[in-house]
Amino acid sequence: MARKNKNKLKPQKIEKPKGLALSLPKGLALSLPKGKLGVLLPGLGAVATTFIAGILAVRKGIARPFGSITQMQTIRLGKRTEKITPRIKDFVPLADLNDLVFGGWDIFKDDCYTAAKKAGVLEQNLLEKLKPELKKIKPMKGVFNRDYVRNLDGSFIKWGNRWEMAEKLIEDIRNFKRENNCRRLVMVWCGSTEIYMERKGIHNSIKNFEKALKKDSKFISPSMIYAYAAIKEGIPYANGAPNLSADIPALVELSKKTQTPIAGKDFKTGQTLFKTIIAPGLKARMLGLKGWFSTNILGNRDGQVLDDPGSFKTKEKSKLSVLEYILQPHLYPELYGKTHHQVRINYYPPSGDNKEAWDNLDIFGWLGYPMQIKINFLCRDSILAAPIVLDLVLFLDLAKRAGLYGIQEWLSFYFKSPQVATGLYPEHDLFIQHTKLKNTLRWLRGEKSITHLGREYYQH
Ligand SMILES: NC(=O)c1ccc[n+]([C@@H]2O[C@H](COP(=O)([O-])OP(=O)(O)OC[C@H]3O[C@@H](n4cnc5c(N)ncnc54)[C@H](O)[C@@H]3O)[C@@H](O)[C@H]2O)c1
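Read on for an overview of the structure. (Residues numbered from 1 in each chain as written. Predicted model: local features only at pLDDT ≥ 70, side-chain atom pairs only at ≥ 80, totals over all residues. Heavy atoms only, no water.)

With that settled, consider the overall build of the chain. When you go through the chain residue by residue, the secondary structure sums to 15 helices and eleven strands. Here the chain has a C-alpha radius of gyration of 22 Å; the compact-globule value for 460 residues is 23 Å, and the two agree. Principal-axis analysis of the C-alpha atoms gives the chain an extent of 65 × 55 × 50 Å. When burial is assessed residue by residue, the chain has 57% of its 460 residues classed as buried. In the chain, 76% of the contacts between residues at least 6 apart in sequence involve partners at least 24 apart. Taken as two groups, the 74 positive and 44 negative side-chain charges of the chain have centres that lie 6 Å from each other. (Helix = DSSP H or I, 4+ residues; strand = E, 2+ residues; numbered from the N terminus. Rg over C-alpha atoms; globule rule 2.2 N^0.38 Å. Buried < 20%, exposed > 50% of the residue type's maximum accessible area, 1.4 Å probe, protein only. Contact = heavy atoms within 4.5 Å. Lys, Arg positive; Asp, Glu negative; His and termini not counted. Charge placed at Lys NZ, Arg CZ, Asp CG, Glu CD.)

Pasting the structure below:
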């Protein structure tokens, strides 16, 4: 959805490629990213601190932002023969890394240096270089309830009923913006995975939702309160965990009302990232899949939270849905109608944040002959997640300045369970998601989409 931006500023100057339009689509106006952009993170754990420390290191010139599309990737414009491939950050006006200011909430009092040290993702040597800045980033008291995350018990929390807590969060947000002199804000949920919840009547409209907030309804989880506070304030919101959070009609309605872009759910990292790389390949070649068994060991706090069956169920749903949508068994019953898909997560403290994942794929080809694929991925979860946080921050801020609001499906590239409009199935294929993301950027700058049809190279 798009609206007219009243504070229309001149679009960022890009050298005009020969023969290509640079006018913006009708009704769109991209304002420039002037001033500070506040990044608010509920949950200052492994992912959040790896992200923040990473940005500080990149700013100092002591590390590179590998894995980030906004920082590293180029985008082709026009025909292949024209060889026009600006970097994405030179093509669309994104906030500068030097303009990011960080804040957040947690249920433990640790500042970002201490939290990063405990998370054990980044080397001590690097953390020491960033210590003064990381020490300054201290959490605000979290909105928390153990009923939703059973394996955690923090005492650094706000008190009150749900409505009062939403008001307190809004107060925190406004104070943060003022004290840090921010022009704009973005919020990304980096908190723990909450227990599995289904949509209820109170989630169906913002009127019902606000009534239920006032009645302190148990169907409103802490992550929904953060999402509500952000969207109410017109602050773009992304959900990095699989819990419902903003994925309810009430908050989608509010996001349209307050003209706020939203996106979710569950950062696509590790095993699922590879599932969405490999499964489209099997389907493209019409290779059958009898079974896919995935197991993980991880030993960080996320692993501890997921050791509870309630939180695991939320994660399991998110991980399982991917194959079903990519393989379309209803269209290819012979190939994928009987696929046995199983996912396990085992909490194993010695592994820390260095997750190890094993996948066994039983596939079949010509005449039904069986084959196997084995994958052993020794990954670093937060190293894969941090650039996703960065890209979401910058793209959601771009979306807001471009006047886009509601669900931003073009960002589904970053999620295991992409949030989509009611009645629409999510697109999980990483390559379709990637094309969609880049075409959206082209569209935002009034460039032609690239369809890869390529007839023009063969016609006189
Ligand atoms: N690491 C990855 O690659 C990855 C991938 C996909 C999704 N995720 C999700 O991202 C989230 C963060 O992952 P992580 O590895 O940083 O976990 P983590 O346990 O290290 O950090 C989560 C932090 O959130 C805090 N927290 C929990 N509930 C809170 C609340 N209500 N308010 C404020 N703070 C709260 C915890 O105290 C903890 O410090 C998890 O939900 C995880 O499932 C992570």
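Moving on to the pairing of strand 1 (residues 36-42). Taken residue by residue, a regular strand's side chains alternate between the two faces of the sheet. With six of seven residues buried, strand 1 lies mostly within the body of the structure. Here strand 1 pairs with strand 4 (residues 182-189) via five bridges, running parallel. Bridge pairing links Leu40 to Met187 in strand 4. Relative to strand 2 (residues 100-106), strand 1 is paired through six bridges, and the arrangement is parallel. (Pairing = 2+ DSSP bridges.)

Another aspect to go through is the environment of Trp163. Structurally, Trp163 is set in helix 6 (residues 162-179). Overall, Trp163 belongs to the partly exposed group, its relative accessible area being 22%. Residues Trp163 and Lys215, 52 residues apart in the sequence, show an inter-C-alpha distance of 7.9 Å.

Time to look at the sheet that holds strand 11 (residues 406-407). Sheet architecture is open: seven strands sit in the order 3-2-1-4-5-6-11, paired in parallel fashion. Edge positions in the sheet fall to strand 3 (140-141) and strand 11, since each has one partner strand and no second. Here strand 6 (residues 261-264) pairs with strand 11 via two bridges, running parallel. Note on strand 11: the bridge partner recorded for Pro261 is Gly406.

Turning our attention to helix 1 (residues 46-60). The terminal C-alpha atoms of helix 1, which comprises 15 residues, lie 21 Å apart, in line with the 21 Å expected from a rise of 1.5 Å per residue. Buried residues along helix 1 sit in contact with strand 1, strand 2, helix 4 (112-119), helix 5 (124-136) and helix 14 (381-401). Two residues or fewer past helix 1, Gly61 is found with a positive phi of approximately 80°. (Expected span 1.5 Å × (residues − 1).)

Look at helix 4 against helix 5: their axes get within 8 Å of each other, and the N-to-C directions meet at 155°. Viewed along their axes, helix 4 and helix 5 adopt a mutual orientation that is roughly antiparallel. Residues Cys112, Tyr113, Thr114, Ala116 and Lys117 of helix 4 lie in contact with helix 5, whose contacting residues are Gln124, Leu127, Glu128, Lys131, Leu134 and Lys135. The residue makeup of the contact of helix 4 with helix 5, split by class, is five nonpolar, two polar and four charged. (Axes fitted to C-alpha atoms, helices over the stretch in contact; angles between N-to-C directions. Parallel < 35°, antiparallel > 145°, perpendicular 65-115°, else oblique. Nonpolar A, V, L, I, M, F, W, Y, C, P; charged D, E, K, R; others polar.)

Overall, the coordinates contain ten aromatic pairs when judged by the stated rule. On the numbers, 5.0 Å between centres and 85° between planes, the contact of Phe413 with Tyr414 is edge-to-face. Residue Phe413 shares its accessibility class with Tyr414, and that shared class is buried. One aromatic cluster is present, built from ring pairs that chain together Trp105, Trp189 and Tyr226. For the cation-ring pair, Lys214 lies above Trp163, with the distance from its terminal atom to the ring centre recorded as 4.5 Å. (Phe/Tyr/Trp six-rings, centres within 6.5 Å; stacked < 30°, edge-to-face > 60°. Lys NZ or Arg CZ within 6 Å of the ring centre and 35° of its normal.)

With that out of the way, let us pick up the site of the ligand. Not every one of the 29 residues close to the ligand is listed here, only the nearest: Val47, Asp106, Val143, Gly191 and Arg301. Residue Thr269 places a side-chain N or O atom 2.9 Å away from an oxygen atom belonging to the ligand. Notes on the ligand: free accessible area 830 Å², of which the protein chains cover 98%. Of the residues assigned to the shell around the ligand, the class counts are 15 nonpolar, seven polar and seven charged. (Near = heavy atom within 4 Å. Polar contact = N/O pair within 3.5 Å; in protein donor to acceptor, adjacent residues only side chain to side chain. Areas by Shrake-Rupley, 256 points an atom, 1.4 Å probe, with all protein chains shown as cover.)

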